Amino acid sequence: MIDKSQFGQMPDGQIIDSYILTNNNGMSVEILTLGAIIRSWRLATDPSVDIVLGFDNVTDYLSDQSYLGRTVGRYANRIKDGEFKIADKSYSVSTNLQGNCLHGGVDGFHNRLWSVTNTEDDLYPSVTLRLTSDDGDQGFPGTLNLDVTFSLDQEDRLTIEYHALSSQDTVFNPTQHSYFNLAGHDSGTIFDQQIQLSANNYTPADENAIPTGEIKPVKDTAFDLRQLTPFGQAINQQDQAIKAANGLDHNWCVEGFSTAQDKLQWVADVIEPKSGRVLITHTTMPGVQIYTGNFIGEATLGKNNIKYAPYHGFCIETQFYPDSPNQAEFPSATLPANTAFVSKTSYQIKQKSQQ
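All residue numbers here refer to positions counted from 1 along the written sequence of the relevant chain. With pLDDT at 70 or above as the cut-off, local features in this predicted model cover only qualifying residues; side-chain atom pairs require 80 or more to be listed or tallied, and sums for whole chains, interfaces and linings still use all residues. Side-chain metrics rest on all non-hydrogen atoms present in the structure, leaving aside hydrogens and water.

Asker: How should the state of the cysteines be read in this particular structure?
Answerer: What makes a disulfide is a covalent bond joining the sulfur atoms belonging to two cysteines. In this description, the term disulfide denotes a pair of cysteine sulfurs within 2.5 Å. Summed over the entire model, instances satisfying the criterion amount to zero disulfides. This cysteine, Cys101, is not joined by any disulfide, and Cys315 carries the nearest cysteine sulfur, 18 Å off. Here Cys253 stays free of any disulfide, with the sulfur of Cys315 as its closest cysteine sulfur at 19 Å.

Structure (structure tokens):
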């Protein structure tokens, strides 16, 4: 089932629509045409529980600096100094954090109004949103046409599929920036929730979260999350890189990644121990940025006037590695002209006893 309604208006009067996808179990996910945002995710077992952070009005979304629920691009994460080369041609793109380009720059995809090109109200309710990014948008080359499809199946799995085509060689790295809290968006910190990653390696980074270029084993480091680890324990480790980031904000390398991007690989489980809820993530992308909401503003008022604060949500951002355009040893984020880009990521909710 799909319910469409008006969420609000852009400052220029354009209408922002809400699409709520509901499966036969009663689980529902709300998608906004503003920023291709996941605004809410309500559980079949308890519809009063909403597991993503978000806002109740357009003004709060447009002033938000934490990318709550957004689809981000053209390049998720960071590009050092906002500079890179493609075939020996240099490009300078918008910089918006410590002199680097973060999530596509000052005017990335996250605050754009997307158009809806298709809905499927059947066994797998879905909505497809489209955005065109012109040649030179934020400094990136090529006119890029991007479709993002959100599909909710009867296994309580939300699959996000990205399809893109560029008129010129460019760099492209989309991701989803939802902040999850499996106890509910209004439940406070995530310290007791436990994460496990399918990642034997990670990419060390400097104090500004720019990778050094190394791909390093997680064994015997603070970044070994191959066994279930409470977020609180992971955040509070005596590690200089974690301290510099004020928590987790790092990229891990997904095991089993294929450059063909034709197979979903398991990358992460997060368990909320009191309820037994599990969030299971699969992706075709090579990396995953785990972010523990380290810099959510203390004065942030979310849905139902709930006060959000640091560590009230976690992000699982499937992606190419940060600064890949400047790191020859990393999987390439270059999208050749007129070559189809396709990637998928799925987030599934289960009960621990179901696994």
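Asker: Please clarify how the layout of surface pockets should be interpreted in this entry.
Answerer: Space left empty within the atom packing is revealed by a probe, the size of a water molecule, rolled over the atoms. Grid spacing is 1 Å over the protein atoms alone, the probe is 1.4 Å, and a cavity is where that probe fits but cannot get out, while a pocket is an open set with protein on both sides within 12 Å along at least five of seven lines and lining residues have an atom within 4 Å of a point. Grid points are joined across faces, edges and corners, and a volume is the space filled by probe spheres set on the points. Quantified by volume, the largest pocket comes out at close to 810 Å³. Secondary structure elements with two or more residues in the lining of the largest pocket: helix H3 (240-245), strand S20 (249-253) and strand S23 (287-291). Considering each element in turn, the lining of the largest pocket owes the most residues, four residues, to H3. Looking at the lining of the largest pocket residue by residue, the class counts come to 13 nonpolar, 16 polar and six charged. Approximately 250 Å³ is the volume attributed to the second largest pocket. Every residue lining the second largest pocket is counted, 16 residues in all, and those nearest its centre are Thr259, Gln261, Phe320, Thr334 and Phe341. Where the lining of the second largest pocket is concerned, the elements lending two or more residues are strand S25 (334-335) and strand S26 (341-351). A run of H or I in DSSP becomes a helix once it reaches four residues, and a run of E becomes a strand once it reaches two; helices and strands are each numbered from the N terminus. Amino acids outside the nonpolar list (Ala, Val, Leu, Ile, Met, Phe, Trp, Tyr, Cys, Pro) and the charged list (Asp, Glu, Lys, Arg) are all regarded as polar, and Gly is one of them.

Asker: Even after reading the chapter, I still don't get the nonpolar core, so can you show me in this structure?
Answerer: Working definition of a nonpolar core: buried Ala, Val, Leu, Ile, Met, Phe, Trp, Tyr and Cys residues. They are joined through side-chain atoms within 4.5 Å. Burial status follows relative accessibility: with a 1.4 Å probe on protein chains alone, a residue under 20% of its type maximum counts as buried, one over 50% as exposed, and anything between as partly exposed. One finds Trp41, Phe150 and Trp252 to be the most contacted residues of the largest nonpolar core, which totals 71 residues. The leading source of residues in this core is strand S12 (residues 144-152), at five residues. Counting 16 residues, the second largest nonpolar core, distinct from the first, contains Leu32, Tyr179, Tyr291 and Cys315.

Asker: Quick question: what am I supposed to make of the sheet that holds strand S11 (residues 126-133) here?
Answerer: Two modes of strand pairing occur in sheets, parallel and antiparallel, and in both the strands are linked by backbone hydrogen bonds. Should DSSP find at least two bridges between two strands, the strands are taken to pair. Pairing is antiparallel across the open sheet formed by nine strands, whose spatial order is S10-S11-S12-S13-S26-S22-S21-S16-S19. Each edge of the open sheet is held by one strand with a lone partner, namely strand S10 (115-120) and strand S19 (229-230). Here S10 pairs with S11 via five bridges, running antiparallel. Counted as the bridge partner of Thr119 is Val127 from S11.

Asker: Hey, could you run me through unusual backbone geometry in this one?
Answerer: Excluding glycine, most residues fall at negative phi; most peptide bonds, likewise, are trans. Looking along the chain, the bond that leaves Gly73 and enters Arg74 is cis, with omega of 10 degrees. Checked against the element boundaries, Arg74 lands in the loop between strand S5 (70-72) and strand S6 (78-79). Although it is not a glycine, Asp81 adopts a positive phi angle of roughly 60 degrees. Looking at where Asp81 falls in the secondary structure, it is placed in the loop between S6 and strand S7 (83-86). For Asp88, which is not glycine, the phi dihedral falls at a positive 70 degrees.

Asker: What should I look at first to understand the sheet that holds S23 in this one?
Answerer: Taken together, the five strands give an open sheet; going across it, the order is S18-S17-S20-S23-S24, and neighbouring strands pair in antiparallel fashion. With partners counted over all chains shown, the strands left at the sheet margins are strand S18 (216-217) and strand S24 (315-319), one partner each. Bridging between strand S17 (residues 201-202) and S18 involves two bridges; their strand directions are antiparallel. Across the sheet, residue Tyr202 finds its bridge partner in S18, namely Lys216.

Asker: In this structure, what is going on with the environment of Tyr347? I would like to understand it.
Answerer: Mapped onto the fold, Tyr347 is located in strand S26. In this structure, the C-alpha to C-alpha distance between Tyr347 and Leu279, residues 68 residues apart in sequence, is 6.5 Å. Contacts are assigned to residue pairs with any non-hydrogen atoms lying within 4.5 Å of each other. Other than its neighbours up to four places away in sequence, Tyr347 contacts Trp41, Asp156, Arg157, Leu158, Ile160, Gln176, Phe180, Leu279, Ile280, Thr281 and Ile316. For the purposes of these results, a polar contact is taken to be a pair of N or O atoms within 3.5 Å, where, inside protein, one atom must be able to donate a hydrogen and its partner to accept one; residues adjacent in sequence count only when each atom of the pair is a side-chain atom. A distance of 2.8 Å separates a polar atom in the side chain of Tyr347 from the backbone oxygen of Ile316.

Asker: Hey, could you run me through empty space enclosed by the protein in this one?
Answerer: Enumeration according to the criterion identifies one cavity of 30 Å³ or more in this entry. Here the largest cavity is characterised by a volume of approximately 40 Å³. In terms of lining residues, the largest cavity is bounded by Thr203, Ala205, Ala209, Pro211, Asp249, His250, Asn251, Gln289 and Pro322. Among the elements that take part in the lining of the largest cavity, S20 stands out by supplying three residues, more than any other. Taken together, the residues that form the lining of the largest cavity break down as four nonpolar, four polar and one charged.

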